[in-house]
Amino acid sequence: MGYYDDHSPQTRQHKKKKNWVMPTIVGIILGAVLVLLALPALIQSNLLPYDMTIPEDESGLVDEDQNLSGTTQNVEVDVSTQVTEVVENVAPAVVGVVNMQSRSNFWQEQEEGEAGTGSGVIYKIDGDTAYVVTNHHVIQGADKVEVALADETRVTAEIVGSDLFTDLAVLKMPADKVEKAIPIGKSENIKVGEPAIAIGSPLGLRFSGSVTKGIISGKQRAIPQDFNGDGQADWQADVIQTDAAINPGNSGGALINIEGQLIGINSMKIARSAVEGIGFAIPIDEAKPIIDELEKEGKVTRPFLGVEAYSIADVPKSERQNTLQLPEEVDGGVYLRSVEPMSPAAKAGLEQLDVITQLDGEPIQNIIELRQHLYHEKKVGEEMTVTYYRNGEKQETTVTLAAQEDF
């Protein structure tokens, strides 16, 4: 049996190796730490024999002083942009509009109160008078209208005129406290994707002068409108679509381009929980003739046919054949529920239950198309060819259009 000698030469040599290995490792680690701690001081003292400056072409920095020395430099940022300059210039021309209505209090006494607020745009200053465009629905039913200027001054305004179909209204007021009118642009020149800025008073006058920015999302969007709340579209508005936030109270405010020119009158917003970023504005090219007519005449005079008409799409098929006696191939048009006595339609021989299918040779599918042809294509005093069915027979007549106030 052998034995292990703890005092042999081999054992002593093995112990020596163990004794110096650990101190060496600890020394290396401590030395590395000391070098890292001392490195910044050595660099700042220029004691290192090489240059630590980052080459310009590798760092991407333009400053010649950029290096690893950790030197702090003050940076000045100019936050003024084209948008801020445009808003600063245009904002005084965008105002709040307050709809004041009389109501009875507890003692049955009449008192005035705010029925609602919206926005408006000062588009013209003529001598001592300033003119404001807003939405028809903003001032509808008002006994008095007040305009809240950018400095919160309130001025009583007069309603010059308003129009239901285009949702436009014109106000006038003294110009002594008005700073400026907004520059008018052209909506036909806008492009989808270009910047758009909306200014108005969302959710009331406390947020007056609010600015939202987005882009033009679409041109000539056709939006059905139901004026009488019967669930049937009475008109179709051609509008600009934008994702600049337009909320209740923004109605009547300005949609401007990046040059600060008025390109639309904010009018509608799809207010659904699942829909965001869809707002609409009346194109200024379509609004301007209406504004001019309201300013001059106080109303918009349109050609008058003198009928109560409804789309046959709303009539059951059985009634189309039995009551209206329409051929099966007729799938579009409007039927006349009533004809006003002595109206242009009555003078042309049109009768109750006649079904109009064409105007001036153009197919008419529904009541919206009838009104669009009548209001966009015709003028008071012009003649219009009407193609219609009576008792299943196709007939034609000529109507001389007149203004409604003539009856």
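Rules behind the numbers
Here the residue numbering is sequential within each chain, running from 1 through the sequence in written order. Totals for whole chains, interfaces and linings use all residues, but because this is a predicted model, local features are given only for residues with pLDDT of at least 70 and pairs of side-chain atoms are given and counted only at 80 or more. Note that the side-chain values use all heavy atoms of the structure and ignore hydrogens as well as water. What is meant by a nonpolar core is a set of buried Ala, Val, Leu, Ile, Met, Phe, Trp, Tyr and Cys residues, joined one to another through side-chain atoms within 4.5 Å. Throughout this description, buried means an accessible area under 20% of the type-specific maximum (1.4 Å probe, protein chains only), exposed means over 50%, and partly exposed covers the range between. Contact between two residues is taken to exist if any of their heavy atoms lie within 4.5 Å; hydrogens are not considered. At least two DSSP bridges between two strands are needed for those strands to be called paired. Think of it this way: any DSSP run of H or I at least four residues long counts as a helix, any run of E at least two long counts as a strand, and we number them from the N terminus. A helix is expected to span 1.5 Å for every residue after the first. Working definition: the arc comes from the directions between the helix axis and the C-beta atoms, pointing outward to the latter. A cavity here means a set of points on a 1 Å grid, drawn over the protein atoms and nothing else, where a 1.4 Å probe fits but cannot get out; a pocket is an open set with protein on both sides within 12 Å along at least five of seven lines, and a residue lines either one if it has an atom within 4 Å of a point. Grid points are joined across faces, edges and corners, and a volume is the space filled by probe spheres set on the points. Any residue that is not Ala, Val, Leu, Ile, Met, Phe, Trp, Tyr, Cys, Pro, Asp, Glu, Lys or Arg is counted as polar, Gly included; the first ten are nonpolar and the last four charged. The salt bridge definition used is simple: a Lys or Arg side-chain nitrogen within 4 Å of an Asp or Glu carboxyl oxygen. Within 6.5 Å between ring centres, the rings of Phe, Tyr and Trp (the latter by its six-membered ring) count as paired, and their orientation is classed by plane angle as stacked under 30 degrees, edge-to-face over 60, tilted in between. Criterion for a charge above a ring: Lys NZ or Arg CZ within 6 Å of the ring centre, and within 35 degrees of the ring normal.

**Examining the nonpolar core**
Judged by nonpolar contacts, the single largest core of 44 residues is most densely connected at Ile-122, Leu-168, Leu-171, Met-173, Ile-182 and Ile-256. Not counting residues within four places of it along the chain, the set of residues in contact with Leu-168 comprises Val-133, Thr-134, Asn-135, His-136, Ser-162, Asp-163, Ile-265, Ile-282, Ala-287, Ile-290, Ile-291 and Leu-294. Ala-345, Ile-368, Val-386 and Tyr-388 belong to the second-largest nonpolar core, a separate cluster that totals 20 residues.

**Here we look at the pairing of strand 19 (residues 393-400)**
Where strand 18 (residues 383-390) lies against strand 19, 8 bridges are found, and the strand directions are antiparallel. Its bridge partner lying in strand 19, Thr-385 is registered against Thr-398.

**Describing helix 5 (residues 284-297)**
In this model helix 5 runs 19 Å from its N-terminal to its C-terminal C-alpha over 14 residues, within 8% of the 20 Å that 1.5 Å per residue would give. Taken residue by residue, helix 5 has Ile-284, Ala-287, Ile-290, Ile-291, Leu-294 and Glu-295 as its buried positions. Seen end-on, helix 5 carries its buried residues on one side only, within an arc spanning 135°. At the C-terminal side of helix 5, Gly-298 shows a positive phi close to 80°.

**Thoughts on unusual backbone geometry**
For Leu-203, which is not glycine, the phi dihedral falls at a positive 65°. Position of Leu-203 among the secondary structure elements: in the loop between strand 7 (195-200) and strand 8 (210-225). Leu-203 gets classed as exposed once you look at its relative accessible area, which sits at 56%.

**With respect to the environment of Val-97**
Mapped onto the secondary structure, Val-97 falls in strand 1 (residues 94-104). The spacing of Val-97 and Ala-157 is 60 residues in sequence and 9.2 Å in space, taken between C-alpha atoms. In contact with Val-97, not counting residues within four places along its chain, are Gly-116, Thr-117, Gly-118, Ser-119, Gly-120, Thr-134, Val-138, Ile-139, Val-145, Glu-146 and Leu-171.

**Things to note about the layout of surface pockets**
Any empty space left between the atoms is revealed when a probe the size of a water molecule rolls over them. The calculated volume of the largest pocket comes to roughly 830 Å³. Together, 34 residues line the largest pocket, and Phe-165, Val-307, Ile-367, Arg-371 and Tyr-375 are the ones closest to its centre. Residue assignment for the lining of the largest pocket shows that the elements contributing at least two residues are strand 13 (303-304), strand 14 (307-311) and helix 8 (367-377). The element best represented in the lining of the largest pocket is helix 8, accounting for 6 residues. Considering only residue class, the lining of the largest pocket consists of 17 nonpolar, 7 polar and 10 charged. Of the residues assigned to the lining of the second largest pocket, the class counts are 12 nonpolar, 6 polar and 9 charged.

**Brief notes about the pattern of salt bridges**
Two side chains that carry opposite charge are able to pair once their charged atoms sit near each other. The full count for this structure, using the stated rule, is 11 salt bridges. Here Lys-124 makes a salt bridge to Glu-295, at a shortest N to O gap of 2.5 Å. Here Lys-124 is found in strand 2 (residues 110-126), whereas its partner Glu-295 is found in helix 5, with 171 residues between them in sequence. The closest approach of N and O atoms between Lys-378 and Glu-382, which form a salt bridge, is 4.0 Å. Accessibility expressed as a relative area gives 12% for Lys-378, which makes it buried. Taking the relative accessible area as the measure of exposure, Glu-382 reaches 31% and is therefore partly exposed. Each of Glu-114, Lys-144, Glu-146 and Arg-154 takes part in salt bridges that share partners, so that together they form one network.

**A closer look at the packing of aromatic side chains**
Counted by the stated rule, this structure contains 6 aromatic pairs. Relative to Phe-227, the ring of Phe-165 lies with its centre 5.4 Å away and its plane at 85°, an arrangement referred to as edge-to-face. In this pair, Phe-165 sits in the loop between strand 5 (154-163) and strand 6 (168-174) while Phe-227 sits in the loop between strand 8 and strand 9 (235-242), placing the two residues 62 residues apart along the sequence. Residue classification places Phe-165 among the buried positions, given a relative accessible area of 17%. For Phe-227, a relative accessible area of 29% translates into the label partly exposed. By the ring-pair criterion, three or more aromatic residues cluster together here, those being Phe-165, Phe-227, Trp-235 and Tyr-375. Over the face of the ring belonging to Tyr-131 we find Lys-124, whose NZ or CZ atom lies 5.4 Å from the ring centre. Positioned over the ring face of Tyr-375 is Arg-302, at 5.4 Å from the centre of the ring.

**Re helix 3 (residues 82-90)**
Looking at helix 3, one finds that the buried residues are Val-83, Val-86, Val-87 and Val-90. For helix 3, the angular spread of buried residues about the axis comes to 95°, placing them on one side. Buried residues belonging to helix 3 abut strand 1, strand 7, strand 8 and strand 10 (254-256).

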